[in-house]
Every structure is written in structure tokens, then in C-alpha cells.
Amino acid sequence: MKRLISILVLTTLTVGICGSISGTVNFDGKGPKKKKLKMDADPVCGKSHQTPVYRQDFVMDDNNNLANVIVYLKNIDFKGSVTKTQVVLDQKGCVYSPHVMGVMKGQEILIKNSDATLHNIHGLPKVNTEFNFAMPKVLKEKKMTLVKSEDAFKVKCDVHPWMSAYVQVFDHPYFAVTSNDGSYKIDNIPAGTYEVVAWQEKFKDKTVAHQVTVADGNSKQNFTFVKPSKKK
Ligand SMILES: [Cu+2]
């Protein structure tokens, strides 16, 4: 009986343990040349920046760390509720901010137009319903949700061809997007071993994955994207 109780106590403790995964994502190789976005076609966009704005599809710092990479746990069975925190996708200075984001299915997304010009946000999901609506300068906010989990899909502006963003929809809260220094952290993960995936838009389905064991505390896991060889 005593033994049974101790097993029960141990099981309960193990189930309750949560940890985190953190690390950095980098690129092994020479990155592409930074390209300036040309926004002058819309004077409002052109005037909204004092300094050059560069393309956001491959943002790497001097130490080869990559920003805008989604890092997430794959195939995790999550029974909790959808986070009540709203996520914001802003159209500001005629770029999307953030450029890459993760949301939970059913989580409220607030789409903002912080510019004094017309945008037309056009999402190109394959699983969720396509969305496409104009946001004239007087329409500052619009709320929406995506109801199905889906791999990262492109969002574009039908007015300004340089504007793009990517959104991935999850059925769990265990995801993060890397900051400008390439770092990420995913918190409150139940103890266990998981496949952790890093996605970057230029590499598309060529994701980088690692098995990570989470216990009490923090597990470190870095990811490296390698330039694909031209032979393939
Ligand atoms: Cu636009």
C-alpha cells in the first residue's frame, strides 16, 4: 500500500512538471544581399520612413543569427484552452508588423491600419478560409480569427506589392518567433520528449527539426539553417 501511494505521488509530480526550451537560430553560410524596399509608388509609404527599410524575408544579424523564424513543438496533444491574449498584426509604415507570427486557432487577431493610406490585406491560407478585405485609412482596426491549425501561409497587400507577412496557426501554445538576435523561448511545456521544428520562409518546407527532452527547468536547443546545395 505504501509503495502504491509513493508511485501515485511520483506520477502526480511527474505529470505536473513543466519546463522551457530556448536557444538561437542561425544560418551557416553567406546571406543574400540586403535589399531595400522601394515604397515611393505610394507617397504616404515613401514618406513614412526616414531611414531605408530592407526586405524582411531573410533577416540576419552580424553573427549570422536569424530573425523571423517560427520555432514550435510538433504533434503535441494540448487539452487546455485558447489563450485570451489578442495578437496584433499591424500595417505600419507600409510593412506588416510583425512580419512573422504564430497564433492559436480561435485566438483573436487584431488587424490594425496605423497608416494614413489604403491597405488591402489578403491572406492566402490553404486550410483556413481565404480572407481579403480593404482597410482604408479611416478603418483603423478589424478583428478576426483563424479556426483551423495550418502551416505558415502568406499574407500580402493587394495595394502595395512589397508588403508580406506569414502566419502559422497552432492547436497548442508551444511556439515562438525568433527576435532580431535569433533567440527564442517556449515556456510551460509539460515534461516529455518532443520534435521541435524551426521554419524560415526562404526554406519553406525544408524545416530544421531536433528531438528535445523537457524536464524541470530549461532545455537548450539551437537550430542551424544551411544553404541548400545547387546539385539537388
Ligand atoms: Cu498596403
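This text gives an overview of the structure that appears in the document.

Parameters at a glance
- Residues numbered from 1 in each chain as written.
- Predicted model: local features only at pLDDT ≥ 70, side-chain atom pairs only at ≥ 80, totals over all residues.
- Heavy atoms only, no water.
- Helix = DSSP H or I, 4+ residues; strand = E, 2+ residues; numbered from the N terminus.
- Buried < 20%, exposed > 50% of the residue type's maximum accessible area, 1.4 Å probe, protein only.
- Contact = heavy atoms within 4.5 Å.
- Areas by Shrake-Rupley, 256 points an atom, 1.4 Å probe, with all protein chains shown as cover.
- Lys, Arg positive; Asp, Glu negative; His and termini not counted.
- Charge placed at Lys NZ, Arg CZ, Asp CG, Glu CD.
- 1 Å grid on protein atoms, 1.4 Å probe; cavity = no way out; pocket = protein on both sides within 12 Å on 5 of 7 lines; lining within 4 Å.
- Points joined across faces, edges and corners; volume = space filled by probe spheres on them.
- Nonpolar A, V, L, I, M, F, W, Y, C, P; charged D, E, K, R; others polar.
- Salt bridge = Lys/Arg side-chain N within 4 Å of Asp/Glu carboxyl O.
- Donors = N, O, S within 2.8 Å, 3.2 Å for Na, K, Ca; no water.
- Tetrahedral: all angles 85-135°; square planar, octahedral: opposite > 155°, others 65-115°.
- Polar contact = N/O pair within 3.5 Å; in protein donor to acceptor, adjacent residues only side chain to side chain.

1. Brief notes about the overall build of the chain
Line of reasoning, step 1. In terms of helices and strands, the chain carries 2 helices and 17 strands.
Line of reasoning, step 2. By its C-alpha atoms, the chain is 80 × 40 × 35 Å across when sized along the principal axes.
Line of reasoning, step 3. The buried share among the 232 residues of the chain stands at 41%.
Line of reasoning, step 4. Considering only contacts within the chain whose residues lie at least 6 apart along the sequence, 64% involve residues at least 24 apart.
Line of reasoning, step 5. Carbon and sulfur atoms form 53% of the exposed surface of the chain, whose accessible area is close to 13600 Å².
Line of reasoning, step 6. Between the mean site of the 33 positive side-chain charges and the mean site of the 22 negative ones, the chain shows a separation of 3 Å.

2. Points about the side chain of S164
Line of reasoning, step 1. As for its placement among the helices and strands, S164 is situated in strand β11 (residues 164-170).
Line of reasoning, step 2. Since its relative accessible area comes to 17%, S164 is described here as buried.
Line of reasoning, step 3. If near-sequence neighbours (up to four positions away) are discounted, S164 is found in contact with Y96, H99, K154 and V155.

3. So, the layout of surface pockets
Line of reasoning, step 1. Of the pockets and cavities examined, the largest pocket occupies roughly 790 Å³.
Line of reasoning, step 2. Residue lining of the largest pocket: 28 residues in total, with K34, R55, F58, V59 and M60 positioned closest to the centre.
Line of reasoning, step 3. At 3 residues, strand β4 (residues 95-97) tops the list of elements feeding residues into the lining of the largest pocket.
Line of reasoning, step 4. A breakdown of the residues in the lining of the largest pocket according to their chemical character gives 12 nonpolar, 6 polar and 10 charged.
Line of reasoning, step 5. Its volume calculated, the second largest pocket comes out at about 370 Å³.
Line of reasoning, step 6. Lining of the second largest pocket is provided by 21 residues; of these, Y72, K74, E150, D151 and Q168 occupy positions nearest its centre.
Line of reasoning, step 7. The class makeup of the residues in the lining of the second largest pocket is 9 nonpolar, 5 polar and 7 charged.

4. Looking at the pattern of salt bridges
Line of reasoning, step 1. For the structure shown, the criterion picks out 5 salt bridges.
Line of reasoning, step 2. Of the charged contacts in the structure, one is a salt bridge between D77 and K79, with a shortest N-O distance of 2.6 Å.
Line of reasoning, step 3. Residue classification places D77 among the exposed positions, given a relative accessible area of 63%.
Line of reasoning, step 4. According to the relative accessible area criterion, K79 is exposed, its value standing at 70%.
Line of reasoning, step 5. Ionic pairing is found between K185 and D187, a salt bridge with its closest N-O pair at 3.0 Å.
Line of reasoning, step 6. Residues participating in the shared-partner salt-bridge network are R55, D57 and K202.

5. A look at the coordination of the copper ion
Line of reasoning, step 1. Around the copper ion, the protein contributes the donor atoms H119 (ND1), C157 (SG), H160 (ND1) and M163 (SD), which lie 2.0 to 2.6 Å from the metal centre.
Line of reasoning, step 2. Coordination geometry of the copper ion: the 4 donor atoms subtend angles of 94 to 136 degrees at the metal centre, consistent with an arrangement described as irregular.
Line of reasoning, step 3. When the donor residues of the copper ion are listed from N- to C-terminus, their spacing reads H-x37-C-x2-H-x2-M. Like C157, the residue M163 is buried in the burial classification.

6. Details of the side chain of H99
Line of reasoning, step 1. Inspection of the secondary structure puts H99 in the loop between β4 and β5 (100-104).
Line of reasoning, step 2. For H99, a relative accessible area of 4% gives the class buried.
Line of reasoning, step 3. Looking at H99, its side chain comes within polar contact range of the main-chain oxygen of S164, at 2.9 Å.
Line of reasoning, step 4. When neighbours within four sequence positions are excluded, H99 is seen to be in contact with Q56, D57, N68, S164, A165, Y166 and E201.

7. Considerations on unusual backbone geometry
Line of reasoning, step 1. With an omega of 0 degrees, the peptide bond between S97 and P98 qualifies as cis.
Line of reasoning, step 2. Among the secondary structure elements, P98 is positioned in the loop between β4 and β5.
Line of reasoning, step 3. Positive phi, close to 60 degrees, is recorded for C94, a residue that is not glycine.
Line of reasoning, step 4. Secondary-structure assignment places C94 in the loop between β3 (87-92) and β4.
Line of reasoning, step 5. Its relative accessible area of 0% is what places C94 among the buried residues.
Line of reasoning, step 6. You will see that N188, though not glycine, has its phi angle at about 55 degrees, which is positive.

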